[in-house]
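# Commentary on secondary and tertiary structure
These are the residues of each chain, in order.
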Amino acid sequence: MNLILDIAWTHVRARVRQTGFAVAGVATGVGFSIMMASLMQGSQDDFTSRLVNTLPNITVSDERRAPPPQPAETFYAAAEIHGLTPEARRRGIKNPLASMAALEAWLPGEVGSSVKVQAIIRYANHDIATNVIGIDPRREAKVSDLPKQMRQATLTALYRATNAIVIGDRLSDKIGARIGANITLQTSEGTRISAQVVGFFHSGVRQIDESTAYVLTKTGQILAKQTGLINELRVRLRDPMNSREIAERVERDTGYKSVSWQEANEDLISTFIIRNIIMYTVVGAILLVASFGTYNIISTITHEKARDIAIMKSLGLSEFTVRSIFVIEALIIGVAGAIVGFVLGYVLCLALGTVEIKNPFIDSDHLPLAYSYLHYLLAGTVALVSSVAAGYQPARKAARLHPVEIIRGAT
Amino acid sequence: MSAAPQQTQTAGAAVALPLIEARNVTRILSGVVPTTLVHDIDLAVGDNEFVAITGPSGSGKSSLLYLLGLLDLPTSGELLIKGHATARMDEEERAFTRLTLLGFVFQFHFLLPELTVLDNVMLPMRALARLSRDGMKSRAADLLGSLGLGDHMNKRPDQLSGGQRQRVAVARALANEPPVILADEPTGSLDSKASEQVFQVLRDLVDKHGKTVVAVTHDVSLAARMDRRIELIDGAIVSDQALKGSR
Ligand SMILES: Nc1ncnc2c1ncn2[C@@H]1O[C@H](COP(=O)(O)OP(=O)(O)OP(=O)(O)O)[C@@H](O)[C@H]1O
Ligand SMILES: [Mg+2]
């Protein structure tokens, strides 16, 4: 009712300084919640998008998670054989073309084949362990962003020389190799070839840029000493968020170990969860403290206004009406706090956005921030709910007040 | 819920259905030492009466008025408003009864300091919400005008004199046209001139508007100018008599 609002407003307006502090408390809570949420979300989004765009969504490798079932087990139910290790020697994915075709028949995405070999890159007194991946440059665009991440050359440069190689920009910085440099690749099985650097790539994920190199599939197979070897299928899905489920199905269908990007980065993802728990705890504590301020001011007003409450009740205003007055006052503080907090949060985000940083995982020079109306909605809702909750108890107490006791005392 | 209509003969006036009726009402404050505020009160107040409640300080005058006005509840006995037993009403119903049937004027004006005079008078109307906003405004303005406060409607209570405030309180008590006005020493804090003005307002309510006014006073000369006088000593009614020739 209008009357409730009017009276509530007169109370609040008459205490600009006190309510100002309460509003400032709520606003600080809301502002910092928004800032923290957008920072957390921003860095998380930024990191996941880099992961999703840089790495295949699903990697199917020629490993198996469990040793294949032994004949004794298939024939005799009682027999169980333990202690077998999955085969160490990688023999590649059987019939890679057929497997790819089979996957592409149902997968909502694209499949590319590659051969992955561990090798040491030698150049100018530097020895660096590297993942050398043999790819088909014409198919690569379908399964990764590598073609877009190329620097100083396109991926087709791999066709330009025999044993051409593209290396990560950080790797090139480490060994000091420029375009045209001849480097040596050596595997643990003793293969040794020489390759010519034809380009660099920059994925933005430090670990990849430091230790990955791409060659043609054929070069990779030479390095692995196995003609026709394909030991990895790389899948890119239309919706990368489905990777987990689809990876499971791929693994069931093919028997090959299929790792989704989420599984490959399980540690990081659980770090995000811990970060979020910390964030929500801190934000919750800030808003809780802010609601103490609201509780305080509403309690104070109900004490100062005890006589007015008695008057209103003696005139015949209902308990509900009187209670509503003070709940509305709390709500006014909550709404004002939320609005000021929105502005504060936005300004804090803008300010943070200008801060330059060095991130050990990714190489953006500014803090990644996510601007989402959801953060505002969430912080605002929590602020309103906690304000009303903080105001309700003193309001209820005030509304229950017996007018006679106060009128007796006052006359 | 409602008691059967009763024929009650009172000293002041014969009425078919008393506006307020107390039957054997006792109010004891519980505590370490229980205090009896009033006891064994039998009383009926009908239409268009002007009742004075007198007695020495501490005799329970205010306590009785709070009981009659449903601000306090009897420890035992029954209180009826227009024949309705109030004991079984819940808080909400009692509040509504106060809002519609009873108007209060206290010794101290008890206006809300943040609201203007006009808004104070409109407060009970807005709580009842029967009139349009404009209807409330014009009714409040009329009331204030008739009490000689037409020029002060937009002031705040602290900008008025004591007598003016008390008349605003009367206007507020009349806001929802209750049949009964209960006043606790309405002139107690006023000088003789202001006191006379307020008394005249109450007198007019009875004579010209057919209201019933029950007023606590310890001013004997003022009590003598009312129509009926109830005297309390130590929480009990010791006399209840019509005053002849007061009109
Ligand atoms: N809250 C209370 N606790 C204890 N005793 C009380 C309380 N309120 C009132 N009393 C006592 O009850 C008795 C009646 O009080 P009440 O205020 O009704 O008297 P009164 O006739 O209105 O007096 P006055 O003329 O001074 O206003 C008094 O003796 C008073 O001391
Ligand atoms: Mg008194």
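In this report, the structure presented in the accompanying data block is examined. As the structure is a computational prediction, the values presented were derived from the model and not from experiment.

Looking only at helices and strands, chain A features 15 helices and ten strands. Taken over the C-alpha atoms alone, chain A extends approximately 105 × 60 × 35 Å along its principal axes. Counting over 411 residues, chain A shows a buried share of 49%. Within chain A, counting contacts between residues at least 6 apart in sequence, those at least 24 apart form 76% of the total. For chain A, the accessible area works out to roughly 20,200 Å², and carbon and sulfur atoms hold 58% of it. Averaging the positions of the 42 positive and the 36 negative side-chain charges in chain A gives two centres separated by 3 Å.

Turning next to helix α5 (residues 162-173) of chain B. Counted at 1.5 Å a residue, the expected span for α5 of chain B with its twelve residues is 16 Å, and the 16 Å between its end C-alpha atoms agrees. In terms of residue burial, α5 of chain B counts as a mostly covered element, since ten of its twelve residues are buried. Within the span of α5 of chain B, buried status applies to G163, Q164, Q166, R167, V168, A169, V170, A171, R172 and A173 of chain B. Where α5 of chain B is buried, its residues contact α12 (306-315) of chain A together with β8 (102-105), α3 (117-128), α4 (133-146), β9 (180-184) and α6 (192-209) of chain B.

Before going further, it helps to spend a moment on the site of ligand 1. Within the structure, ligand 1 sits among 13 residues, and S57, G58, K61, S62 and S63 of chain B are positioned closest to it. Proximal residues around ligand 1 fall on chains A and B, making this an inter-chain site. In the model, an oxygen atom of ligand 1 is placed 2.8 Å from a nitrogen or oxygen of the G58 of chain B main chain. A distance of 2.5 Å is found between an oxygen atom of ligand 1 and a side-chain nitrogen or oxygen belonging to S63 of chain B. Starting from 630 Å² of accessible surface for ligand 1 in isolation, the protein chains cover 61%. For the shell around ligand 1, the element with the most residues is helix α1 (residues 61-68) of chain B, which contributes three residues. A class-by-class count of the residues in the shell around ligand 1 yields three nonpolar, seven polar and three charged.

Calculation criteria
- Residues numbered from 1 in each chain as written.
- Chains lettered and ligands numbered in written order.
- Predicted model: local features only at pLDDT ≥ 70, side-chain atom pairs only at ≥ 80, totals over all residues.
- Heavy atoms only, no water.
- Helix = DSSP H or I, 4+ residues; strand = E, 2+ residues; numbered from the N terminus.
- Buried < 20%, exposed > 50% of the residue type's maximum accessible area, 1.4 Å probe, protein only.
- Contact = heavy atoms within 4.5 Å.
- Areas by Shrake-Rupley, 256 points an atom, 1.4 Å probe, with all protein chains shown as cover.
- Lys, Arg positive; Asp, Glu negative; His and termini not counted.
- Charge placed at Lys NZ, Arg CZ, Asp CG, Glu CD.
- Expected span 1.5 Å × (residues − 1).
- Near = heavy atom within 4 Å.
- Polar contact = N/O pair within 3.5 Å; in protein donor to acceptor, adjacent residues only side chain to side chain.
- Nonpolar A, V, L, I, M, F, W, Y, C, P; charged D, E, K, R; others polar.

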